[in-house]
Structures are given as C-alpha cells and as structure tokens.
Amino acid sequence: GLAVDSSLHLAHYYHEAKGSRYERTRDSLGSIAVSIIGGEVTFLVAGAPLLLSSATFGFVFGTFLMLVAFWAFFFSFVYELPALLVVGPEGDQGDVLVYARRCLAWLGLMKRVERKQHVSVEQAPAAEELPGPAAAPRDRQSLAERWRSRGGAAAKR
C-alpha cells in the first residue's frame, strides 16, 4: 500500500481530469502533487530516527520506510507522469465501463451506446427491458404477490 499510494492517486486524478494529455497531466499534478509530496516527506521523516536505533529491527524498518518513500516518489513523478503525458489514455480510451456497455450493445442488450460520449447509469436498460424469462418486479408488493400466485409459503396463510 505504501508503494503504490502516490502512483494510484496520480492515475486517479489523471483519469478524472478533462482535456488533452497535457491538460490532464497538468491538472492531476496541480491537484494532488502537494499531498503526495507531503506524504512521502512524512515517511522519510518517520524513517530517519529509526536509522539511529540500536535494535536491528528499528534500523531495518527505518531503511524500509525511507526506501519505499523514495522509490514511490521516483516512479510516480519521474516515470508515471511522463508516461501519462506521452502515452496516457485520451477520451474514453481504457475506460472499462465504456467497453462493457459497447459489448452489451453489440449483444443487443442495450438500446443506446455512443462511441465518444460516456453512457450514464440512467441510460442502462432496466430489468424489464432485458431479454429473458420474465421481467423481475421492482417493488416488494408485486414480488410478494408473484410468490403467492406461484404457491409460495405466503399463500398458505
């Protein structure tokens, strides 16, 4: 968790930003970089006194904390950000939900899917619209009535 925290936050802010790769990288860096750097500095400061410990565990744990903080910072800001700037996804590229909705549309389970526009949850088909045996009732009253009509335990009362 310590090693991927900063990288994950940068990727999330990049994903949520709008615009070109440059604008998304700039926005993600401007939004979360100070917090990530603060977290990494905290790990470095927490690990430094442990290096002075006479116990082997303290020294090893301090070294571990400081190395994790350094490498997390290095890979997040020196590797991940330039990679997002050069080859990061644009538009709906890499969005799993968009691809899932396209597959549903291809199978004929969704009525409307647009290529460039993000499809909202409200546009997803309701249970009644999906092909299948019988559409599931939406409220508890109709579900209970359906159960009674099929001879469920509630019908025997």
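The structure we're discussing is the one just above.
Everything numeric here is computed off the predicted structure, so don't read it as measured data.

Student: Sorry if this is basic, but what is going on with the nonpolar core here?
Tutor: Nonpolar side chains in soluble globular proteins generally cluster together in the buried interior. In terms of nonpolar packing, the biggest core is built from six residues, these being Leu-10, Ile-32, Ala-33, Ile-36, Phe-77 and Leu-81. Ranked by residues supplied to this core, first place goes to helix H2 (residues 21-47) with three residues. Ignoring anything within four residues of it in the chain, the contact list for Phe-77 reads Leu-10, Leu-29, Ala-33, Ile-36, Ile-37 and Pro-82.

Student: Any chance you could explain a nonpolar patch on the surface here in plain terms?
Tutor: On the surface, Leu-67, Phe-70, Trp-71, Phe-74, Phe-75, Val-78 and Tyr-79 cluster together into a nonpolar patch covering about 720 Å² of accessible area. The residue Leu-67 is located in helix H3 (residues 56-87) in this model. For Leu-67, a relative accessible area of 46% corresponds to the partly exposed category.

Student: I would appreciate a short explanation of H2 in the present structure.
Tutor: The periodicity of an α-helix, 3.6 residues per turn, causes residues three or four places apart in sequence to face the same way. Where H2 bends most, at Ile-32, the angle is about 50 degrees. Buried residues along H2 sit against helix H1 (5-16) and H3.

Student: Any chance you could explain the side chain of Ser-76 here in plain terms?
Tutor: Among the secondary structure elements, Ser-76 is positioned in helix H3. Given the relative accessible area of 1%, Ser-76 is considered buried. Polar side-chain contacts of Ser-76 include one of 3.2 Å to the backbone nitrogen of Ser-7. Only 2.8 Å separates the side chain of Ser-76 from the backbone oxygen of Ala-72, close enough to count as a polar contact. Contact partners of Ser-76, with chain neighbours within four places excluded, come to Ser-6, Ser-7, Leu-10 and Leu-81.

Student: Help me out: how do you make sense of the packing of aromatic side chains in this one?
Tutor: A ring pair, where both rings are aromatic, is described by two values, the distance of the centres and the angle of the planes. Per the stated rule, a full pass over the model turns up nine aromatic pairs. Geometrically, the ring pair formed by Phe-70 and Trp-71 is edge-to-face, given 5.0 Å between the ring centres and 70 degrees between the ring planes. Under the relative-accessibility criterion, Phe-70 is labelled partly exposed at 43%. Consider the rings of Phe-73 and Phe-77, whose centres lie 4.9 Å apart with planes at 40 degrees: the pair is tilted. Taken together, the positions of Phe-73 and Phe-77, both in helix H3 and four residues apart, correspond to about one turn of that helix. The partly exposed category is assigned to Phe-73, whose relative accessible area is 32%. Members of the aromatic cluster, each reached through a chain of ring pairs, are Phe-70, Trp-71, Phe-74, Phe-75 and Tyr-79. Positioned above the aromatic ring of Tyr-14, the side-chain terminus of Arg-24 is 4.5 Å from the ring centre.

Procedures and definitions
Residues numbered from 1 in each chain as written. Predicted model: local features only at pLDDT ≥ 70, side-chain atom pairs only at ≥ 80, totals over all residues. Heavy atoms only, no water. Core = buried A, V, L, I, M, F, W, Y, C linked by side-chain atoms within 4.5 Å. Buried < 20%, exposed > 50% of the residue type's maximum accessible area, 1.4 Å probe, protein only. Helix = DSSP H or I, 4+ residues; strand = E, 2+ residues; numbered from the N terminus. Contact = heavy atoms within 4.5 Å. Patch = residues over 30% accessible without salt bridge, like charges linked within 9 Å, V, L, I, M, F, W, Y side chains within 5 Å. Areas by Shrake-Rupley, 256 points an atom, 1.4 Å probe, with all protein chains shown as cover. Salt bridge = Lys/Arg side-chain N within 4 Å of Asp/Glu carboxyl O. Bend = angle between axes of the 7 residues up to and from the residue. Polar contact = N/O pair within 3.5 Å; in protein donor to acceptor, adjacent residues only side chain to side chain. Phe/Tyr/Trp six-rings, centres within 6.5 Å; stacked < 30°, edge-to-face > 60°. Lys NZ or Arg CZ within 6 Å of the ring centre and 35° of its normal.

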